[in-house]
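# Breakdown of the fold
Below are the chains, spelled out letter by letter.
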Amino acid sequence: MTTFAPNPSTAGPTVVREPGKPALVQAPHFATLAEATAWLTAQRSAIQAELHRSGALMLRGLPVTDAADFAEARDALIAQRAGYKEKATPRTDFGEGVFSSTDLPAAQPIRLHNENSYTLDFPGVLLFGCVTASETGGATTIGDMRKALALLPPELVARFAEAGWLLIRNYSDLAGMPWRKAFSSEEPAGAEAYCDEHAIGYEWLDEDTLRTRQLRSAIITHPVTGEQVWFNHFAFWNARSLDEDVREVLTETFGADGLPFDTRLGDGTPLTDSEVDAINAAYQAVTVRESWQNGDLMLVDNILCAHGRESFTGDRKILVAMGEPVPLSDCSPTTAPSASPYGM
């Protein structure tokens, strides 16, 4: 077990591992945030080693009470900030690279996914922090994508390893994310330039509706540990994963090709319902959770672990910061990124 030392003269707490929960460390008591951040800075290398082992680590008992405290803790743990690109979910921006984890409705659970798996570089590490714990539910769920890959049917893995996955997005003001917000540009030329630079195919359906396609690798290799992982939003954004009533309304309103998000095998082939269900079953099998307590922090290696959210009741304020950006090219993708489907 990894030992964390609060100061050079005392033995520190050990990592607690319980079935169904992420690895957890109970921090020593600190009278001030400055003492806590000094401890976090001193333990950074040990925490990093634990992240590479477990994929995620919860730090409990820290005096983190607001976004400013959280930003200080982030700076003690993360050397380089990472941006949020090709935005896909509403978030509140608190400044200094600190956001709400999501502003989606409390009743809506969020499936496991790797942050920005569809971009050409992505955050290597995520830091979550609890300012206000919910009354019930609301855990940030975690899943080890090394284990998920091992659980998937081998024939399905082989198909994804060769062809990758295809993401289709429709940006509009009526559903999903408006393109101006997603690409941080008020002009169509700005969105087009981003797409051209980042291997994204696009077409304008009208002046306010943009459809994009991007081929990405479904399997990558962690640049430090050398382990292959299942790394994508395939099931997360597949129409099959939507609530049946929601899928029916969206399809009736926008058509089968007009959903805010949909996915295919990289060559454009849709999977069968049972194949999508098999991927979601692998996510479910590896999901672990721990209820938030005020002051908790949780570091997540964004390549090794996917994350999600349970539905909840009551007030809940979970912050997130992204850091240690990693280029896709450093991760030995099995499929080269492209603006066109595989083989075209």
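Residues numbered from 1 in each chain as written. Predicted model: local features only at pLDDT ≥ 70, side-chain atom pairs only at ≥ 80, totals over all residues. Heavy atoms only, no water.

## Some points on the sheet that holds strand 8 (residues 142–144)
Adjacent strands of a sheet pair through backbone hydrogen bonds, lying either parallel or antiparallel. Where we set the bar: Only when DSSP finds a minimum of two bridges between them are two strands counted as paired. Helix and strand assignments follow DSSP, with helices taken as H or I runs no shorter than four residues and strands as E runs no shorter than two, numbered in order from the N terminus.
Strand order in the open sheet formed by 4 strands is 5-17-8-15, with antiparallel pairing between adjacent strands. Of all the strands in the sheet, just strand 5 (110–113) and strand 15 (287–288) have a single pairing partner and so form its edges.

## Regarding the pattern of salt bridges
A side chain with one charge can pair with a side chain of the opposite charge if their charged atoms come near. So the rule is basically this: Basic side-chain nitrogens of Lys or Arg form a salt bridge, by our definition, when they fall within 4 Å of a carboxyl oxygen of Asp or Glu. Type-normalised accessible area, obtained with a 1.4 Å probe on protein chains alone, sets the label of each residue: buried when under 20%, exposed when over 50%, and partly exposed for intermediate values.
The final tally for this structure, using the stated rule, is 22 salt bridges. E18 is the partner of K21 in a salt bridge, and the nearest nitrogen-oxygen pair spans 3.8 Å. For K21, a relative accessible area of 36% corresponds to the partly exposed category. Overall, the relative accessible area of 42% leaves E18 in the partly exposed class. Connected via shared salt-bridge partners are E18, K21, R60, E290 and D296.

## Some remarks on helix 3 (residues 67–77)
Stated formally: Contacts described as polar in this section are N or O atom pairs within 3.5 Å, which, within protein, must combine one atom able to donate a hydrogen with one able to accept it, while residues neighboring in sequence count only if both atoms come from side chains.
A large share of helix 3 lies buried, amounting to 8 of its 11 residues. Two to three positions downstream of the cap, the backbone nitrogen of A68 sits 3.2 Å from a side-chain oxygen, assigning the N-cap of helix 3 to D66.

## Considering unusual backbone geometry
Positive phi outside glycine occurs at E96, with the angle close to 60 degrees. Given the relative accessible area of 53%, E96 is considered exposed. A positive phi angle, near 45 degrees, is found at S332, a position not held by glycine. Within the secondary structure, S332 is located in the segment after strand 19 (317–327).

## Quick look at a negative patch on the surface
Selection criterion: Patches here: salt-bridge-free residues with over 30% relative accessible area, like charges joined within 9 Å, nonpolar side chains (Val, Leu, Ile, Met, Phe, Trp, Tyr) joined within 5 Å. All accessible-area figures derive from a Shrake-Rupley calculation using a 1.4 Å probe, and residue coverage is judged against the displayed protein chains alone. The sign given to each residue is positive for Lys and Arg and negative for Asp and Glu; His and the chain ends receive no count. To locate a charge, the coordinates of NZ of Lys, CZ of Arg, CG of Asp or CD of Glu are taken.
A surface patch of like charges, here negative, comprises D243, E244, D245, E248 and E252. In this structure, D245 sits in helix 8 (residues 244–254).

## With respect to the sheet that holds strand 14 (residues 261–265)
Here is the rule we go by: Every axis corresponds to a line fitted to the C-alpha atoms, with the helix fit spanning only the stretch in contact, and the corresponding angles, defined between N-to-C directions, vary from 0 to 180 degrees. Contact definition: two residues touch when any of their heavy atoms are within 4.5 Å.
Pairing is antiparallel across the open sheet formed by 4 strands, whose spatial order is 10-11-9-14. Of all the strands in the sheet, the pair left with one neighbour each is strand 10 (201–206) and strand 14. On average, adjacent strands in this sheet sit at an angle of 15 degrees to one another, irrespective of strand direction. Note: strand 9 (residues 165–171) against strand 14, 5 bridges, orientation antiparallel. Bridge pairing links I168 to D262 in strand 14. Along the sheet, helix 5 (residues 154–163) contacts strand 9, strand 11 (209–216) and strand 14; its crossing angle with strand 14, the most-contacted strand, is approximately 100 degrees. Against the sheet, helix 7 (residues 188–197) contacts strand 10 and strand 11, and its axis sits at roughly 155 degrees relative to strand 10.

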